[in-house]
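# Descriptive structure summary
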Amino acid sequence: MSNSQIAYQKCISPSCGKTYDIQQVLVACPQCGELLDVRYNWDKGAPPTSWKDIEKNWAHRDNKLNFSGVWRFRSLFPFAPDEKIVTLGEGQTLLQQANEVAKYVGMNADNLHLQYEGMNPSGSFKDNGMTAAFTHAHMVGAKRAACASTGNTSASLAMYCSVTQLMKAVIFIGTGKISYGKLSQALDYGALTLQISGDFDDAMVRVKEVTRDMDIYLVNSVNPFRLEGQKSIMFRVLEALRWEVPDWIVVPGGNLGNSSAFGKAFYELKQLGLIDKVPRLAVINASGADTLDQLYNRQGVRWNDGNPQRDVIKAFYDKMDAEGLKASTLASAIEINRPVNLIKCLRALDFCNGVVRQVTDQEIMDAKSRVGSGGIGCEPASAASVAGAKLLREEGVIAPSDKVVCILTGHLLKDPTATVAYHSTDQDTFNEVLGSRGVRRATFANRSITVKNELDDIVQAIQLYG
Ligand SMILES: *Cc1c(COP(=O)(O)O)cnc(C)c1O
Ligand SMILES: [Zn+2]
């Protein structure tokens, strides 16, 4: 049975539900404009019936598809023939029990795990989705691929293009909204980088127009194939927990691709009988980019069996435009006011009995420093998950005995400016980078010590501070 008979695309709106061939390049339903899912006729394929079926791939890691932490689960998203799959060994990531961070969050020791997606080849979880979208682009013969990006999507796309030379990358970024760590990747990988005046939301509007008019393949997370790859983050979490489902998955919310993908993953695993319990999902906004929190908690917007309150959402965006409100947070990867996957995320929250919270940049930076001092570290946006878990613990929504997994979406070195400013002894540096964002204290700063270049002074400093 070929992949095109097993997999198809389907509009997520139940009142439309139109289906499309897997070879079609679409980022929205041509009929009604809603987002699309990749769906599977499981009975026409050979879906795994137990986790053992998937574990078998471990014995064949000489096959690069099994080496990939994404594609070794490909029987759970069988849209591509093996020979078309493009992999760079993404998904070699780690689920780490983090007792120091557990203490900070207020959990019992052993009960908090961190999923380090910064270990991906381009340094963020985006590679999980990019390998899948890139594979689809390759399946349909695309020659150019584009994205709007706050940084990590562009780094990932540019990497897949440069290593494989299968496509040319076209990247849209806003002004002043991209960290050097991320921008340097896109430039070094040779991507065509277009900096337009405006922010991420503006760049997103343009890239959609350009890709439509110029027949360029769009790899932002409106692309349903991205989310198929990102499901594998949950598969790896379960694998690391020996297929035991945790109580909570806590994830930062930007464009809401991850949260949407996670919900879909659990929905399908339940459908296939591979899990019987579904974890609760907590999606964490930065308070400077809190559209989901506003709509979900203040306005009561819900998935509502596929009929979310579209009038309420539209009124919210209209008001935002009228007031000229722009997203503003240090956590640049989630500095997004118009999350493209909003409706899918509502569906995930519905299925996973989810909650939504927002955390301040102060809380994000403090949580980030705790992650760094008790683990591998992460970029600011990632730490929203840990700050969110702490908040939910304080509220009593998460119990100290719950099993919690926080997703750390990106690598520490993606945004060294924020980290160095936090630990800096120089008040001007602190103020410029953090103070301007409302961060008042470097609560857990680890200051460097200035020492004279004399052996005695150095020895004394180590004795004094070490
Ligand atoms: C893209 C990104 C996010 C946001 O993820 P969404 O799926 O868009 O919600 C969070 N953190 C990092 C590091 C990212 O690169
Ligand atoms: Zn439709």
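The model shown is predicted, which means the values in this text are computed figures rather than measured ones. (Residues numbered from 1 in each chain as written. Chains lettered and ligands numbered in written order. Predicted model: local features only at pLDDT ≥ 70, side-chain atom pairs only at ≥ 80, totals over all residues. Heavy atoms only, no water.)

### Focus on the side chain of lysine 126
As for its placement among the helices and strands, lysine 126 is situated in helix 5 (residues 126–139). It turns out lysine 126 is buried and unbridged, and the closest side chain with the opposite charge, glutamate 379, is 7.3 Å from it. If sequence neighbours within four positions are ignored, lysine 126 has contacts with Asn152, Thr153, Ser156 and Arg226. (Helix = DSSP H or I, 4+ residues; strand = E, 2+ residues; numbered from the N terminus. Buried < 20%, exposed > 50% of the residue type's maximum accessible area, 1.4 Å probe, protein only. Lys, Arg positive; Asp, Glu negative; His and termini not counted. Salt bridge = Lys/Arg side-chain N within 4 Å of Asp/Glu carboxyl O. Contact = heavy atoms within 4.5 Å.)

### Some points on the coordination of the zinc ion (ligand 2)
Distances from the zinc ion (ligand 2) to its protein donors, Cys11 (SG), Cys16 (SG), Cys29 (SG) and Cys32 (SG), fall within 2.3 Å. Around the zinc ion (ligand 2), the four donor atoms sit at angles spanning 96 to 116°, and that spread fits a shape best called tetrahedral. Each donor residue of the zinc ion (ligand 2) belongs to the same chain, with the gaps between them written as C-x4-C-x12-C-x2-C. Remark: cysteine 32 occurs in the loop between strand 2 (19–21) and strand 3 (36–40) and cysteine 11 occurs in strand 1 (residues 7–11); sequence separation between them is 21 residues. Given a relative accessible area of 40%, cysteine 32 falls into the partly exposed group. (Donors = N, O, S within 2.8 Å, 3.2 Å for Na, K, Ca; no water. Tetrahedral: all angles 85-135°; square planar, octahedral: opposite > 155°, others 65-115°.)

### Quick word on unusual backbone geometry
With phi around 55°, asparagine 304 is a residue other than glycine that occupies positive phi space. A positive phi angle is found at asparagine 353, which is not glycine, with a value near 45°. Position of asparagine 353 among the secondary structure elements: in the loop between helix 13 (342–351) and strand 12 (355–359).

### Describing the packing of aromatic side chains
Summed over the entire model, instances satisfying the criterion amount to ten aromatic pairs. Look at phenylalanine 79 and phenylalanine 225: their rings are 4.8 Å apart centre to centre, the planes differ by 65°, and that puts the pair in the edge-to-face class. Linking phenylalanine 79 in the loop between helix 3 (64–67) and strand 4 (94–97) with phenylalanine 225 in helix 9 (residues 224–240), this pair joins segments that are 146 residues apart in sequence. Both residues of the pair, phenylalanine 79 and phenylalanine 225, count as buried. Each ring, one from phenylalanine 316 and one from tyrosine 317, has its centre 6.1 Å from the other, and the planes form 65°; the classification is edge-to-face. Like tyrosine 317, phenylalanine 316 is buried. In this structure, arginine 338 is placed above the aromatic ring of tyrosine 317, and the distance from its NZ or CZ to the ring centre is 4.6 Å. Taking the ring centre of phenylalanine 444 as reference, the NZ or CZ of arginine 370 above it sits at 4.1 Å. (Phe/Tyr/Trp six-rings, centres within 6.5 Å; stacked < 30°, edge-to-face > 60°. Lys NZ or Arg CZ within 6 Å of the ring centre and 35° of its normal.)

### Observations regarding the packing of helix 10 (residues 257–271) against helix 13
Between two packed helices, the angle of one axis relative to the other and the distance separating the axes together describe the packing. Between helix 10 and helix 13, whose axes approach to 8 Å, the crossing angle comes to 45°. Classified by the interaxial angle, the pair formed by helix 10 and helix 13 is oblique. By crossing handedness, the relation of helix 10 to helix 13 is classed as left-handed. Of the residues in helix 13, those in contact with Ser259, Ser260, Gly263, Lys264, Phe266, Tyr267 and Lys270 of helix 10 are Lys344, Cys345, Arg347, Ala348 and Phe351. In the contact of helix 10 with helix 13, the residues fall into five nonpolar, three polar and four charged. (Axes fitted to C-alpha atoms, helices over the stretch in contact; angles between N-to-C directions. Parallel < 35°, antiparallel > 145°, perpendicular 65-115°, else oblique. Left-handed = near helix turned anticlockwise from the far one by under 90°. Nonpolar A, V, L, I, M, F, W, Y, C, P; charged D, E, K, R; others polar.)

### Focus on the nonpolar core
If you look at the biggest cluster of nonpolar residues, it comprises 102 residues, and the most contacted ones within it are Phe79 and Phe262. Top contributing element to this core by residue count: helix 9, with seven residues. Built from parts of two domains, this core gets at least three residues from each of domain 1 (1–46) and domain 2 (51–120 + 224–466). Once you skip the residues sitting within four places of it in the chain, phenylalanine 79 turns out to touch Asn3, Ala7, Ile22, Val38, Tyr40, Trp71, Ala132, Thr135, His136, Met139, Phe225 and Glu228. Ala282, Ala286, Ala381 and Ala389 belong to the second-largest nonpolar core, a separate cluster that totals 35 residues. (Core = buried A, V, L, I, M, F, W, Y, C linked by side-chain atoms within 4.5 Å. Domains from an automatic or database assignment.)

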